[in-house]
Amino acid sequence: MNHVLTADQFSRADLDRIMQRSTEMETIIKQGGSKMCDGKILGALFYEPSTRTRLSFETAMLRLGGNVISESDVTFSSQSKGEVIEDTIRIVGGYSDVITIRTKVKGEAKIAAHYSPVPILNGGDGSGEHPTQSLLDLYTIVKHHKIGSEKLKVAFVGDLKYGRTVHSLAKILRNYDGVTLDFVAPSVIQMPDEYIHESDIIHTDLTKEVLQTADVIYDTRMQKERFEDINQFNQVKNAFIFTPEMVSQMKPDATLMHPLPRVNEIMQRVDTLPQARYFEQALNGVPVRMSLIAEALAV
């Protein structure tokens, strides 16, 4: 594996290998880390706010025995002087052995990969994709469900138009037999056509049936920063709020996920319920990104 740019690039065999290697990385974490990437450097370029993605990538490299150089505020980068991403990547690629990048522009990770002398790991490109997030999401699902060998109903809820995490995960899940996808969102932020298949079910409301029949519910926040019309955001910002009463209607062994950060779409009182897996989901980012770094560096 070289670059990680889109969920489209993964075959079922790729996914099985990454899931297996991520399990192995969990063992390495428990043992205190390794020297697998000793002498290697991760360049972390984050031109959009990030907590979990940036820190889990950096933690992953440190757990592998490597080092990190990072830039997390475009105000202090040469981009504020007008430098184009192509030039930045050429230079940082000379300083490091692998780069993870988050940008505000859809498709910019692919541009970075074209000019980079080292592997690029897409940490989110605007409203486009977030493939490394989708892999840790899959890892969370694999831990709790027999995906591929049993039927699995996954319901995506919230901002599906701008939600890059759901765009990537929907693509990933199509590699598995028996998975059905429901998309639950107001029409103005429904899943873009390019991610919808004929077998998918579209909802504009979170019905009791969806709550009671879904094996996995993947919730997302309404991303105020993506909306061009603030009035449109205000109309949908409280469309879905998960309460303990709602979650209690889910199957006892169902999984409630969220890429975080959350605002008000999941009440904190839900956190202690058995279906709530979003904090575990976030922690899974470290072993999965360890796997991706190791794959990219062929170690």
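As the structure is a prediction and not an experimental result, all values here were calculated from the model.

A. Quick peek at the packing of helix α1 (residues 12–30) against helix α11 (residues 285–297). It is the contact of α1 with α11, at a shortest axis distance of 8 Å, that shows an interaxial angle of 110°. In terms of orientation, α1 and α11 fall into the roughly perpendicular class. Between α1 and α11 lies a crossing whose hand is right-handed. From α1, Arg17, Ile18, Arg21, Ser22, Met25, Glu26, Ile28 and Ile29 reach across to α11, where they touch Val286, Pro287, Val288, Met290, Ser291, Leu292, Ala294 and Glu295. Residues belonging to the contact of α1 with α11 are distributed by class as follows: ten nonpolar, two polar and four charged.

B. Inspection of helix α4 (residues 108–115) at higher detail. Every buried residue of α4 is listed here: Glu108, Ala109, Ala112 and Ala113. The buried side chains of α4 occupy one side of the element, clustering within an arc of 145° when seen end-on. Of the surrounding secondary structure, the elements contacted by the buried residues of α4 are α3 (85–95), β3 (98–103) and β4 (120–125).

C. Quick peek at the packing of helix α2 (residues 52–63) against α11. Orientation of α2 relative to α11, taken along the N-to-C sense of each, is 60°, at an axis distance of 8 Å. Considering the angle they form, α2 stands oblique to α11. You can see that α2 and α11 cross each other, and the crossing is right-handed. The segment α2 lies against α11, with Arg52, Thr53, Ser56, Phe57, Thr59, Ala60, Met61 and Arg63 engaging Gly285, Val286, Arg289, Met290, Ile293 and Leu297. Its residues assigned to classes, the contact of α2 with α11 comprises seven nonpolar, four polar and three charged.

D. Molecular detail of the sheet that holds strand β2 (residues 67–71). Pairing is parallel across the open sheet formed by four strands, whose spatial order is β2-β1-β3-β4. What marks the edges here is a single partner per strand, and that holds for β2 and β4. Pairs of neighbouring strands in the sheet enclose a mean axial angle of 15°, with direction left out of account. As defined by bridge partners, β3 adjoins β4 across four bridges and the pair is classed as parallel. Paired with threonine 100 across the bridge in β4 is leucine 121.

E. Quick look at the environment of serine 149. Residue position: serine 149 is located in the loop between α5 (131–144) and β5 (152–157). A C-alpha to C-alpha distance of 27 Å links serine 149 and leucine 273, two positions 124 residues apart in sequence. In terms of polar contacts, serine 149 uses its side chain to reach the backbone carbonyl oxygen of lysine 146, at 3.2 Å.

F. Fine view of the sheet that holds β5. With parallel pairing, five strands are arranged side by side in an open sheet as β7-β6-β5-β8-β9. For this open sheet the edge positions go to β7 (201–203) and β9 (255–257), each flanked by a neighbour on one side alone. Each strand of the sheet is rotated relative to its neighbour by a mean of 20°, with strand direction disregarded. As paired strands, β5 and strand β6 (residues 179–184) are joined by six bridges and run parallel to one another.

G. Just the packing of aromatic side chains, in detail. This model, assessed by the stated rule, comprises three aromatic pairs. An angle of 65° between the planes, with centres 5.2 Å apart, marks the rings of tyrosine 278 and phenylalanine 279 as edge-to-face. Following the ring pairs from residue to residue traces out a cluster consisting of Phe156, Phe183 and Tyr218.

H. How the structure looks around the layout of surface pockets. Approximately 470 Å³ is the volume found for the largest pocket. Contributing to the lining of the largest pocket are 27 residues, with Arg102, Arg164, Arg221, Leu260 and Pro261 lying nearest its centre. Of all the secondary structure elements, the ones that give two or more residues to the lining of the largest pocket are α2, α5, α6 (164–173) and α10 (278–283). Its residues assigned to classes, the lining of the largest pocket comprises seven nonpolar, eleven polar and nine charged.

Cut-offs applied
Residues numbered from 1 in each chain as written. Predicted model: local features only at pLDDT ≥ 70, side-chain atom pairs only at ≥ 80, totals over all residues. Heavy atoms only, no water. Axes fitted to C-alpha atoms, helices over the stretch in contact; angles between N-to-C directions. Helix = DSSP H or I, 4+ residues; strand = E, 2+ residues; numbered from the N terminus. Parallel < 35°, antiparallel > 145°, perpendicular 65-115°, else oblique. Left-handed = near helix turned anticlockwise from the far one by under 90°. Contact = heavy atoms within 4.5 Å. Nonpolar A, V, L, I, M, F, W, Y, C, P; charged D, E, K, R; others polar. Buried < 20%, exposed > 50% of the residue type's maximum accessible area, 1.4 Å probe, protein only. Arc of directions from axis to C-beta. Pairing = 2+ DSSP bridges. Polar contact = N/O pair within 3.5 Å; in protein donor to acceptor, adjacent residues only side chain to side chain. Phe/Tyr/Trp six-rings, centres within 6.5 Å; stacked < 30°, edge-to-face > 60°. 1 Å grid on protein atoms, 1.4 Å probe; cavity = no way out; pocket = protein on both sides within 12 Å on 5 of 7 lines; lining within 4 Å. Points joined across faces, edges and corners; volume = space filled by probe spheres on them.

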